[in-house]
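Descriptive analysis of the structure
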Amino acid sequence: IGTNFAVPTSWGISDKKKFDALMKEVLPLLAHGYFLGDNLLTWQRNNSALADQVFVEAWENNIQNEADGAVIWRRFILACAAYHCLHLDGDFVECGVYLGTGIKTVTDYLGGKAFPKHFYGYDTFDYHPVYDHQFADQKEGLYESALKRFEGYTQVTLTKGLIPETFKQCCPQKISYLHIDLNNAESEIATLEHLFDRIVPGGIIILDDYEWSGPYAAQKIAEDKWFGQRNYRVFPLPTGQGIVLKR
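Because the structure is a prediction, the values reported are computed rather than measured.

This brings us to the sheet that holds strand β10 (residues 242-245). Strand order in the open sheet formed by seven strands is β6-β5-β4-β7-β8-β10-β9, with mixed pairing between adjacent strands. For this open sheet the edge positions go to β6 (156-160) and β9 (235-236), each flanked by a neighbour on one side alone. Sheet topology places strand β4 (residues 91-95) next to strand β5 (residues 119-123); four bridges connect them, and they run parallel. Bridge pairing in β5 places E94 opposite G121. Those strands touched by helix α5 (residues 101-109) are β4, β5, β6 and β7 (175-180), and its axis lies near 170° from that of β5.

Below, the structure is given as structure tokens:
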């Protein structure tokens, strides 16, 4: 407990070279248990993700790019939420799959090919429907690559298409775990409109972009209004995520 963690991957930095140099000066000044990466600097923390060796193995084995190596705290939030939801009625859903790493890390952490829940993933895969949000691997063939990662994982179903229309193809009636990472307010609100009533009591919603500012602020504004109308509040996390517990 209290293992240090530092990677050079963060975003929104105007002078990366200067920032990295300053961090080299700062880190030795901090109490043990610091975390640097994914736009988060903390110290004197347990860094619980690094103390869970089963999780660390699942995370390391699924790193596909530089970002995956930085978002360990975010992925551990998913893993902990998934562990909670494993003991509830209802299936798992992720909206915004990209390379499939979020789903793969969670399933590997909680049983691998013996993961006991059905996990549904929804994404356009080969393109991003929002202008100027395209990721490097979002091109023709991504869907097939994602499917290949889940060969032998019979409980994982990946559906290609636009949300919410793609829910008509297949969608569970009961949901215990819902991870939303669609990078735009309209699609995330549409997801909540279609799936919220299917979430069982005690189920968890994780909003990946909720506490990120700048271009993602519109998501927080829209989601605060949507949940507020239903007498819910989102728990903001320093990872940039938001959590909602279904009553």
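Picking up where we left off.
It is the contact of helix α7 (residues 185-195) with helix α8 (residues 217-228), at a shortest axis distance of 9 Å, that shows an interaxial angle of 25°. Comparing the axis directions of α7 and α8 gives the class roughly parallel. Considering the relative orientation of α7 and α8, their crossing is right-handed. Counting all contacts with α7, which are made through A185, E188, I189, L192 and E193, the residues of α8 involved are A218, Q219, A222, E223, W226 and F227. In terms of residue class, the contact of α7 with α8 is built from seven nonpolar, one polar and three charged.

So, on to unusual backbone geometry. The linkage connecting I163 with the following residue, P164, adopts the cis geometry, with an omega of 10°. Mapped onto the fold, P164 is located in the loop between β6 and β7. Here N183, not a glycine, exhibits a phi torsion of approximately 65°, which is positive. Residue placement: N183 occurs in the loop between β7 and α7. Residue class for N183 comes out buried when judged on its relative accessible area of 8%.

Turning our attention to the nonpolar core. Core analysis: the biggest nonpolar cluster contains 41 residues, and F55, I72, F92, V106, F119, L158 and Y177 have the highest contact counts within it. For this core, the secondary-structure elements that each account for two or more residues are α2 (48-51), α3 (53-61), α4 (72-85), α5, α6 (142-149), β6 and β8 (199-207). Ranked by the residues each element gives to this core, the list is headed by α4, at seven residues. With residues up to four places along the chain from it excluded, the contact list for F119 reads F92, V93, E94, I103, V106, T107, Q155, V156, T157 and Y177.

Rules and cut-offs
- Residues numbered from 1 in each chain as written.
- Predicted model: local features only at pLDDT ≥ 70, side-chain atom pairs only at ≥ 80, totals over all residues.
- Heavy atoms only, no water.
- Pairing = 2+ DSSP bridges.
- Helix = DSSP H or I, 4+ residues; strand = E, 2+ residues; numbered from the N terminus.
- Contact = heavy atoms within 4.5 Å.
- Axes fitted to C-alpha atoms, helices over the stretch in contact; angles between N-to-C directions.
- Parallel < 35°, antiparallel > 145°, perpendicular 65-115°, else oblique.
- Left-handed = near helix turned anticlockwise from the far one by under 90°.
- Nonpolar A, V, L, I, M, F, W, Y, C, P; charged D, E, K, R; others polar.
- Buried < 20%, exposed > 50% of the residue type's maximum accessible area, 1.4 Å probe, protein only.
- Core = buried A, V, L, I, M, F, W, Y, C linked by side-chain atoms within 4.5 Å.

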